[in-house]
Amino acid sequence: MSRRPPFPGRMRPAAIRAAILALVPVATLLAMGCPRGPGADRAAPVRGAAAVDDARLRSAESEPESWLTYGGTYGEQRYSRLARIDEHNVGTLGLAWHFDMATRRGLEATPIVVDGVLYTTSSWSVVVALDARTGRELWRHDPGVDRAMGGRVCCDVVNRGVAVYRGRVYVGVLDGRLEALDAKTGQLVWSVVTTDPSRPYSITMAPRVVEGRVLIGNGGAEYGVRGYVSAYDAATGRLDWRFYTVPGDPAEPFEHPELEAAARTWDPSGEYWQVGGGGTVWNAIAYDPELRLVYVGTGNGSPWDRRLRSPKGGDNLYVCSILALDPETGRLVWHYQTTPADTWDFTSTQDIVLADLEIEGRLRKTLLHAPKNGFFYVLDRETGVPISAKNFVPVNWADGIDETTWRPRERTDHPYETGVALIHPTNYGAHNWQSMSFHPGTGLVYIPAQETVFPYLRDRAYEYRPGAWNIGFDPKVMTESPAELASGHLLAWDPVAQKEVWRVQYDGAWNGGTLATAGNLVFQGTAHGTFAAHRASDGEKLFETRTGTGIIAAPVTYRIDGEQYVAVMAGWGGAFALSGGDAALEAGTTDNTGRLLVYKLGGRAKLPIVEREERALVALPAADTPETIARGNATYHEWCLVCHGAGAVAGGVLPDLRRSAPEIYAMLPEIVLRGAFEQRGMPRFDRWLDADDVEAIRAYLLSRRAQLAAER
Ligand code: CA
């Protein structure tokens, strides 16, 4: 293990004392009856662009003409009361306009729509503001992310959107910045660095604004980081509180008391703090203003293999958990860990939906959650105690959830110690970040569900490599595309009965998030390049249109002058698309132009779709030995698989290296070792690979090219 670099983002005891002192004026304000939280002007009236105050955010469901927060409301149900578009007329839906996002990378953003303006993000954290009626660009903000960042993000250079509050637009930037923009002009108001730049942190999530604070987490647990969520003063950008989700270096004091309890569930002989421990907060946050609780989902352990992280066992709190935090102090009120001692990348960062459900004759304040591990959880959101838990896809890592302890009954008959354990679901998830929705009328949850299998093989030669992929499992076993073993479906799930009500089966996994509306509709885009509406009560398909690229994002709806619009970001990408292989490639039969698509009844705009050209492929001469090719195969799958696909079969986003122009193979040392394409997002690997390795990779790629040419 190498020495761990210093971590400037950590709060020292003096900083904690300063933070406590900083709370004193807040207490004084409380006594005066002013709203709680930082920001002197929270109660002052706000006018102009994005004039969204606390009251407006709290009652977002009664303002269905807007889409004010990432999940539509603080409860993140992604349900709209708009019903002008309904099950009877949705068949006449057509394109109102589209906006070119100037990218061919994945688009994951949920647009925010307020007072006639739509704010959304493209890849590389670029923010645009558009006239929500016409699509005319009002302003654009490019934070100028160094494209070399492409080499330290697990899952594409995506961004899930902005938050708006009191005339400002907040965006989490891929390189760890949090920025506040003037909603009218796009001018930068403040920018703070929320992560240690020397560690492989990244931000892809949408910020949330709660009680005057901007909440933001980060990702990076595949590379090796320590997770946390931070609250910044929305007005000034000053750090207000930070909650670390896993303990740090035992030689240092605990940053907050919850970590003392957490540390007892880790084995220090694993030196987990070197790699980081994980538990990253990279997607899900919900808020209940009445209970005054912020719900945060945490990610996987880092490295994945728990035998490396915590050799003598332990649950490893608070990885793969739901945390209920006090929004004012960031202190933990309760936690529930969905996957104790995670070893499969079973994050609990999938979206958190708050709903009041009648269960056994009682109205319960519940929290609904369908994490990667394949179980659907209904929790009492006041106490964190589960009410029920049931698998929503077939699972083989556990035999169910014990209803006394609410722990999974983990199976012990898999060959984790002796060979390859074929486990489902997987790191891709039974459900990933693609948001589900809840329809209060049907009482159903609409989940972008998938069935996936992953071969977990212990990496016996594992050692920590700072800045590189650090999962502790051997990727060389993944020569089969995960997409060949995956399927996806739109699943309508009854959270009270814990049972499937209907499903729409798709060809492949990695389909878009869902939107439910009072028109008895569920909208969803698909991996195979369509956007569709289904009847919410029975799943019948009522509308479908071609979109020119696979959709992974979730749609939103809004209304201007009586006209209801449905908007969705279309741009194939993300983790599964990069490593997804042939099946994913079929999703991208076009050139993968990323766009915002906006539909209305009777819309007649034309979508220009550029079909992907099938170029003739000639095999290139290669005089390599089978030994070199085999070595190249192993090296490729260790270092290149994550972005360029298993078996060198790309997933329709980044280049398929079997089909490169001949000069690319000649340039390979320049590209891989000297960063020739670094500013196009292709990282350099000279810290880990040498010229011999690159020669072997080239031999492997040319052999794969020859196979492809022979097949045709
Ligand atoms: Ca992960």
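Note that this is a predicted model, so its numbers are computed, not measured. (Residues numbered from 1 in each chain as written. Predicted model: local features only at pLDDT ≥ 70, side-chain atom pairs only at ≥ 80, totals over all residues. Heavy atoms only, no water.)

Undergrad: Residue-level account of the nonpolar core, with values.
TA: The biggest cluster of nonpolar side chains holds 96 residues, and the ones touching the most others in it are Val90, Tyr119, Val169, Tyr170, Phe523, Tyr558 and Leu596. The leading source of residues in this core is strand β38 (residues 563-570), at 6 residues. Leaving out residues up to four positions away in the same chain, Phe523 has contacts with Ile85, Val90, Leu93, Gly513, Thr514, Leu515, Thr517, Phe531, Ala532, Ala533, Pro555 and Val566. Membership of the second largest hydrophobic core comes to 66 residues, among which are Val393, Phe438, Trp510 and Val653. (Core = buried A, V, L, I, M, F, W, Y, C linked by side-chain atoms within 4.5 Å. Buried < 20%, exposed > 50% of the residue type's maximum accessible area, 1.4 Å probe, protein only. Helix = DSSP H or I, 4+ residues; strand = E, 2+ residues; numbered from the N terminus. Contact = heavy atoms within 4.5 Å.)

Undergrad: Kindly report on the coordination of the calcium ion, identifying the contributing residues and their values.
TA: Listed as protein donors to the calcium ion are Glu222 (OE), Glu222 (OE), Asn300 (OD1), Asp345 (OD) and Asp345 (OD); their distances from the metal cover 2.4 to 3.1 Å. Expressed as a motif, the donor residue spacing for the calcium ion is E-x77-N-x44-D. Within this pair, whereas Glu222 is found in the loop between β12 (213-216) and β13 (228-233), its partner Asn300 is found in the loop between β17 (293-297) and β18 (301-302), the two being separated by 78 residues in sequence. Across the pair, Asn300 and Glu222 agree in class, each one buried. (Donors = N, O, S within 2.8 Å, 3.2 Å for Na, K, Ca; no water.)

Undergrad: Report on the sheet that holds strand β39 (residues 595-601), specifying residues and quantitative values.
TA: The strand order across the open sheet formed by 4 strands is β2-β39-β38-β37, and the pairing between neighbours is antiparallel. In this open sheet, the two edge strands, each paired with only one partner strand, are β2 (93-100) and β37 (556-560). Ignoring strand direction, the axes of neighbouring strands in this sheet form an average angle of 30 degrees. Bridge count between β2 and β39: 7 bridges; the pairing is antiparallel. (Pairing = 2+ DSSP bridges. Axes fitted to C-alpha atoms, helices over the stretch in contact; angles between N-to-C directions.)

Undergrad: Residues and numbers for the pairing of strand β35 (residues 530-535), please.
TA: With 6 of its 6 residues buried, β35 lies for the most part within the structure. Of the two faces of β35, the one holding Thr530, Ala532 and His534 and the one holding Phe531, Ala533 and Arg535 are both buried throughout. Both strand β34 (residues 521-525) and β35 contribute to a ladder of 5 bridges, which runs antiparallel. Within β35, the position partnered with Leu521 by the bridge is Arg535.

Undergrad: A description of the sheet that holds strand β28 (residues 437-439) should follow, citing residues and the corresponding values.
TA: One open sheet holds the 4 strands; their spatial order is β28-β29-β31-β32, and the pairing between them is antiparallel. A strand with exactly one partner marks an edge of an open sheet, and here the two such strands are β28 and β32 (499-506). Shown here is a sheet whose adjacent strand axes are inclined to one another by a mean of 30 degrees, direction ignored. Both β28 and strand β29 (residues 444-451) contribute to a ladder of 3 bridges, which runs antiparallel. Bridging across to β29, Phe438 finds its partner in Val445.

Undergrad: Which residues make up the domain arrangement of the protein, and what are the values?
TA: One can read the domain layout of the protein as domain 1 (1-46), domain 2 (79-412 + 420-601) and domain 3 (626-711). Centre-to-centre separation of domain 2 and domain 3, based on C-alpha positions: 30 Å. Listed as interface residues are 32 residues of domain 2 and, on the opposing side, 26 residues of domain 3. On inspection of domain 2 and its partner domain 3, the count reaches 1 salt bridge. Between the two partners, domain 2 and domain 3, sit 5 residue pairs in polar contact (both at pLDDT 80 or more). For the side of domain 2 that touches domain 3, the secondary-structure elements that each account for two or more residues are α7 (575-579) and α8 (581-587). In terms of residues, the side of domain 2 that touches domain 3 owes the most to one element, α8, which gives 4 residues. (Domains from an automatic or database assignment. Salt bridge = Lys/Arg side-chain N within 4 Å of Asp/Glu carboxyl O. Polar contact = N/O pair within 3.5 Å; in protein donor to acceptor, adjacent residues only side chain to side chain.)

Undergrad: Explain the state of the cysteines to me, and be specific about the residues and the numbers.
TA: All told, the structure shown has 1 disulfide when counted by the stated rule. The side chain of Cys154 participates in a disulfide bridge whose partner is Cys155; the two sulfur atoms lie 2.1 Å from each other. Its S-S torsion of approximately -105 degrees makes the covalent link between Cys154 and Cys155 left-handed. Taking relative accessible area as the criterion, Cys155 reaches 25% and is therefore assigned partly exposed. (Disulfide = S-S within 2.5 Å.)

Undergrad: Describe helix α9 (residues 626-639), listing the residues and the values that go with them.
TA: Its 14 residues give α9 an end-to-end C-alpha distance of 20 Å, which sits within 8% of 20 Å, the value for a rise of 1.5 Å per residue. Taken as a whole, α9 has its buried residues at Thr628, Gly632, Thr635, Tyr636, His637 and Trp639. The secondary structure elements touched by the buried residues of α9 are α10 (641-644) and α12 (691-711). (Expected span 1.5 Å × (residues − 1).)

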